[in-house]
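The primary structure of each chain is shown beneath.
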Amino acid sequence: MSEYDLLIKGGTVVTGVDVIACDVGINGEQIAAIGTNLTGARTIDASGLLVMPGGVDSHCHIEQLEPDGSIHEESFGTAARSAFAGGTTTVIPFAPQFKGEPIGAHLPDYRARAQKSPIDYSLHQMVTDPSEAVVFNELPAIAAGGVGSFKVFLTYDPLHVDDGQYISVLEAAKRAGAVVCVHCENYEAIRWRSEQLLKDGKTQPAAHAWSRPKVVEREATYRAIALAELVDTPIHIFHVSCAEVAEEIARAQARGVKVTAETCPQYLVLSGSDMDRPGKEGAKYMCSPSPREAADHAGLWAMIRRGVLDVLSSDHCGYSFAGDKGKWLNGPDVDFTRIPNGIPGLAARLPLIFSEGVVKGEIDLPTFVRLTATNPAKRFGLHPRKGTIAPGADADLVLWDRERKVSITNARMQHTIDYTPYEGIEVTGWPVKTIARGRVVMEDDEVTTEDGRGLFLKSARTSAN
Ligand code: URP
Ligand code: ZN
Ligand code: ZN
């Protein structure tokens, strides 16, 4: 009789610490054993392949309501397709809050939308208006319900919080045992630079990078850390764009401040000059902080190797070029400040990081797994259920052909967005099978999803849990 329902046989298993030739036995939706000479009722031959934990993308925008009433085009259904296509099996998107409104105005609707999710998910709660009721009633209740991270923006109209508001979110998070995720750019500095640029007729996408140079991000990062140090609340800094900013984080980590940080493929692959592309093309690369220059990529990899940046997310943002991205690019009224920020990257995340990181010798295999799965799962209270290969963990796996060369195209991304900023980039290493809680959800680029199969994952971070 077979010991396991499903056996992944003959592959090279990679975890955040080890690379071992062995089999993985799965019973139902969970990993039951790793070892040799196991037997299974069904067998998947993984010879020649890497067997890694399914990716955990801890920063992606899915079906998110914006203050103008629009909703991100990427639905939970299409996001799941794209995630599975790229080897990711868990996502953490954002429930919105808008100024003048309680969190309760939108959270129930977002939770209802998420119930259709084919992919397992946890949630971050955005906080844009930390009124007394939000801080003392809503945030504790939300944390008790398993949402273990609050997100604040130090820039963006109309989402940003001032220092006093940020401090009250830090206090609320400290009481609830939650982590605060911070978008670090200086609101007033960007406003000042943008006004100057528009006055000088610099209205094209390229001006986006000029409106927010590195120092704007570095100042806000320092301030976010200093105030977190004051309140003694753990923070996680989103989308660090360059080594100069990471240096602020490294200094704080060295003196024991509870700060962790992520970067994203766009800061390791794209550059600010991509926004100089002719015509409207530049808007396809517009995200915040701005991608820096190619010469900055090496410094960011060094910060990853030092462990200063220990999470790699996509910051996937669903604005199609024929839709919201392009609509401010027509006619005489082009205005870079009105073009929505953010670029898609759910499916491209793992292949880009594998190719640029592992294949080019910047990081080793366990580091790849830690950055893309284990560390985000730990940071947001989902480990050891997610982000590792161990008995008792969910059977979320990606089988990876490390030799396969692929040219990235938008069709391969399997998202709903009409472009990818990574079009034409050649990568080495590609997912050939994705398994989510014991079920094959992608095989040779063919994705299968089932609405509602995704589970809401409570964060084990909060003290209330
Ligand atoms: O440009 C970006 N990153 N857009 C998405 C929203 C955010 O700031 O994370
Ligand atoms: Zn952000
Ligand atoms: Zn984001």
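Above this note sits the structure.
In this text the structure is predicted, and so the values were computed from the model without any measurement.

The rules behind each value
Chains are numbered independently. Their residues run from 1 in the order of the written sequence. Starting at A for chains and at 1 for ligands, labels are handed out in the order in which the entities are written. Where local features are concerned, this predicted model is filtered to residues with pLDDT of at least 70; where side-chain atom pairs are given and counted, the filter is 80 or more; whole-chain, interface and lining totals use all residues. Only hydrogens and water are set aside when side-chain values are computed; all heavy atoms of the structure are taken into account. For our purposes a nonpolar core is just a set of buried Ala, Val, Leu, Ile, Met, Phe, Trp, Tyr and Cys residues, chained together by side-chain atoms within 4.5 Å. Burial here depends on accessible area, computed with a 1.4 Å probe over protein chains only, as a share of the maximum for the residue type. Under 20% is buried, over 50% is exposed, and the range in between is partly exposed. The contact criterion used is simple: two residues touch if any of their non-hydrogen atoms lie within 4.5 Å. Each metal's donors are the N, O and S atoms found within 2.8 Å of it, except that Na, K and Ca use a 3.2 Å limit; water is left out, so coordination can look incomplete. Between 85 and 135 degrees for all angles marks four donors as tetrahedral; over 155 degrees for opposite donors together with 65 to 115 for all other angles marks four donors as square planar and six as octahedral; every other arrangement is irregular. Only DSSP runs of H or I with at least four residues qualify as helices, and only runs of E with at least two residues qualify as strands; both kinds are numbered from the N terminus onward. Between the N-to-C directions of two axes lies an angle of 0 to 180 degrees, each axis being a line fitted to C-alpha atoms and, for a helix, fitted only over the stretch in contact. Handedness of each helix crossing follows the sense of rotation of the near helix against the far helix: counterclockwise by less than a right angle gives left-handed, clockwise gives right-handed. When residues are grouped by polarity, Ala, Val, Leu, Ile, Met, Phe, Trp, Tyr, Cys and Pro land in nonpolar, Asp, Glu, Lys and Arg in charged, and all others, Gly among them, in polar. When the strands point away from the viewer, a crossover counts as right-handed if the path from the first strand over the helix to the second runs clockwise. Two strands are counted as paired when DSSP detects at least two bridges linking them.

**Focus: the nonpolar core**
Here's step 1: Ranked by internal contacts, the top residues of the largest apolar core, which has 113 residues, are Tyr166, Ile235 and Leu309.
Here's step 2: Discounting chain neighbours no more than four positions away, the residues touching Ile235 are Tyr166, Leu170, Val179, Val180, Val182, Ala224, Ile225, Ala228, Lys258, Val259, Thr260 and Arg379.
Here's step 3: Listed in part, the 18 residues of the second largest apolar core include Ile8, Ile31, Val51 and Ala395.

**Some remarks on the coordination of the zinc ion (ligand 2)**
Here's step 1: Coordination of the zinc ion (ligand 2) by the protein comes from His183 (ND1) and His239 (NE2), over a distance range of 2.1 Å.
Here's step 2: Classification of the site at the zinc ion (ligand 2) as irregular follows from its four donor atoms and the range of 55 to 141 degrees in their angles at the metal.
Here's step 3: Between the zinc ion (ligand 2) and the zinc ion (ligand 3) the interatomic distance amounts to 4.0 Å. Remark: His239 occurs in the loop between strand E15 (235–237) and helix H8 (243–254) and His183 occurs in strand E14 (residues 179–183); sequence separation between them is 56 residues.

**Topic: the packing of helix H12 (residues 349–359) against helix H13 (residues 365–379)**
Here's step 1: At their nearest, the axes of H12 and H13 sit 11 Å apart, and the two run at 145 degrees to each other. In this structure, H12 meets H13 at a crossing whose hand is right-handed. Across the interface between the two elements, Arg349, Leu350, Ile353, Phe354 and Val358 of H12 pack against Leu365, Phe368 and Thr372 of H13.
Here's step 2: When grouped by side-chain class, the residues that make up the contact of H12 with H13 number six nonpolar, one polar and one charged.

**Focus on the pairing of E14**
Here's step 1: The buried fraction of E14 is high, at five of five residues.
Here's step 2: Going residue by residue along E14, you find Val179, Cys181 and His183 tucked away on one face and Val180 and Val182 tucked away on the opposite face as well.
Here's step 3: Crossover handedness for the path strand E13 (residues 149–153) to helix H4 (residues 163–176) to E14: right-handed.
Here's step 4: The pairing of E14 with E15 spans three bridges and is parallel. Paired with Val180 across the two strands is Ile235, which belongs to E15.

**Things to note about the sheet that holds strand E9 (residues 88–91)**
Here's step 1: Here we have three strands laid out as an open sheet, ordered E8-E9-E11, and parallel in their pairing. Looking at which strands have only one partner, the edges of the open sheet turn out to be strand E8 (55–57) and strand E11 (120–121).
Here's step 2: Where E9 and E11 come together, two bridges link them in parallel fashion. In the strand pairing of E11, Thr90 is matched with Asp120.

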